[in-house]
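Structure at a glance
Read off the chains here:
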Amino acid sequence: MMRDAFLYLSHNRQVRDALMHLPFAETAARRFVAGEEPEDAICAVRDLNAGGMLASLDHLGENVTSAEQARAAAADYLDILDRIASSGIQSHVSVKLTQLGLDIDHDLALADMRSILDKARQVGTPSLRFRTGFVRIDMEGSDYTQRTLDLYRELRALGYDNVGVVIQAYLYRSQKDVADLIELGANVRLCKGAYKEPPEIAFPRKRDVDDHFIALARMLFSPEARARGVYAALATHDVRLIDWAKRHTAEQGIGRDQFEFQMLYGIRRDLQRTLALEGYRMRVYVPYGKEWYPYFMRRLAERPANVFFIARNLLKE
């Protein structure tokens with residue numbers, strides 16, 4: 001019930017306009033968002049790097065309604081890539097295709113992606129998988145799944161090998177999608193999924209989502225996938241799934257630097273540090289920007305504990 005309420009609020013413009021002007025809401029959001037300016041994001045990543053962790057920077061925004069907004073978003077990514085290079089931090093970037101104009105025109109989003117990938121190649125380091133020359137295409141709601149995968153394949157066909165994509169374990173279709181991505185030797189971020197989806201297309205029970213997550217991870221870690229150059233990034237805060245991945249990769253002889261765990265900024269920071277100290281490649285997804293409201297609502301929807309955590313800290317302040 002609470003999850004559904006927060007997911008509804010994430011799309012409610014009236015509530016969004018009201019909350020974004022309240023100081024306590026912005027303070028609460030800073031638990032999960034590095035700040036509104038690029039400098040805030042660079043500082044957050046520098047601190048993570050000092051703790052042995054990598055990052056992926058996400059300039060918040062989605063579902064733009066004009067080509068001008070899409071081009072402005074692409075320009076913001078070109079700017080942050082320059083800042084990553086000049087600052088020397090270890091981070092790549094994550095983008096949403098609806099922020100780059102996918103709702104308006106496929107070719108507009110493709111052109112914006114190509115400009116971002118070209119810039120990442122220009123300023124990035126040679127190690128595409130875990131340093132600075134790589135761009136991750138985030139996955140959005142199920143209405144965009146096929147279009148996102150189609151555009152990803154188009155980019156790969158154009159010769160871009162510094163781009164990756166995301167698969168959501170709660171969708172029934174994901175097993176077929178992972179099999180197809182293995183054929184491409186893709187760099188895949190596997191997550192559970194944070195959008196509200198109907199039971200006709202997504203597992204409604206957490207247990208089933210977890211089981212599907214493990215099944216998909218097995219595919220990404222399979223000898224066939226590794227032979228094709230597949231790189232797996234497991235995005236979860238679930239200790240049970242993390243422990244399974246540790247055991248499975250050890251049994252398969254997969255080194256701790258041959259895949260990565262990913263977590264969200266501000267969530268389970270203790271576990272992030274522990275994994276980094278244990279020698280696992282640990283990447284933190286660091287969002288920043290003025291369009292923090294939808295992202296913040298989805299983080300509250302994922303775990304009711306986040307709501308109580310924020311309430312306790314606001315009361316302390």
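Only a predicted model underlies this, so the values are computations on that prediction, with no experimental measurement involved. (Residues numbered from 1 in each chain as written. Predicted model: local features only at pLDDT ≥ 70, side-chain atom pairs only at ≥ 80, totals over all residues. Heavy atoms only, no water.)

**With respect to the confidence of the model for the protein chain**
Condition: The predictor reports its confidence for every residue as pLDDT, a score running from 0 up to 100. A contact between two residues is defined here by any heavy atoms of the two lying within 4.5 Å.
Here the protein chain averages 88 in pLDDT, and 82% of its residues register 70 or above. Considering only residues more than four positions removed or in separate chains, one finds that residues 6-10, a stretch of pLDDT under 50, has 15 contacts. Low pLDDT (under 50) marks residues 313-317, which in the prediction has four contacts with non-local residues, meaning those over four places away or in another chain.

**Description of the environment of Leu57**
Rules: Labels follow the DSSP assignment, with helices taken as runs of H or I lasting at least four residues and strands as runs of E lasting at least two, numbered in each case from the N terminus.
Secondary-structure assignment places Leu57 in strand β1 (residues 54-59). Sequence separation between Leu57 and Ile84 is 27 residues; the distance between their C-alpha atoms is 9.4 Å.

**A few points about the side chain of His248**
Threshold: Only protein chains enter the accessibility calculation, which uses a 1.4 Å probe; a residue is then buried when its area is under 20% of its type maximum, exposed when over 50%, and partly exposed in between.
Inspection of the secondary structure assignment puts His248 in helix α11 (residues 239-251). A residue is classified by how much of its surface remains accessible, and His248, at 8% relative accessible area, is buried. Here His248 is in contact with Arg218 and Phe221, once residues within four sequence places are set aside.

**Comments concerning the pairing of strand β6 (residues 231-235)**
Under the convention used in this document: For two strands to be treated as a pair, DSSP must find at least two bridges joining them.
Most of β6 sits inside the fold, with five of its five residues counted as buried. Burial along β6 is two-sided: the residues Tyr231, Ala233 and Ala235 and Ala232 and Leu234 are all buried. In terms of strand pairing, strand β5 (residues 187-191) meets β6 through four bridges, oriented parallel. Looking at the pairing, Val188 lines up with Ala232 of β6. Relative to strand β7 (residues 260-264), β6 runs parallel, the two sharing three bridges.

**Thoughts on the pairing of strand β4 (residues 163-168)**
Rule in force here: Here a crossover is taken to be right-handed if, once the strands point away from the viewer, the path from the first strand over the helix to the second is traced clockwise.
Within β4, six of the six residues are buried, leaving the element largely enclosed by the surrounding structure. Neither face of β4 is exposed, since Val163, Val165 and Ile167 on one face and Gly164, Val166 and Gln168 on the opposite face are all buried. Of the pairings in the sheet, the one linking strand β3 (residues 135-137) to β4 comprises two bridges and is parallel in character. Counterpart to Arg136 in the pairing with β4 is Gly164. Note on the crossover from β3 through helix α7 (residues 145-157) to β4: the handedness is right-handed. As paired strands, β4 and β5 are joined by four bridges and run parallel to one another. Following the sheet pairing, Val165 is matched in β5 by Val188.

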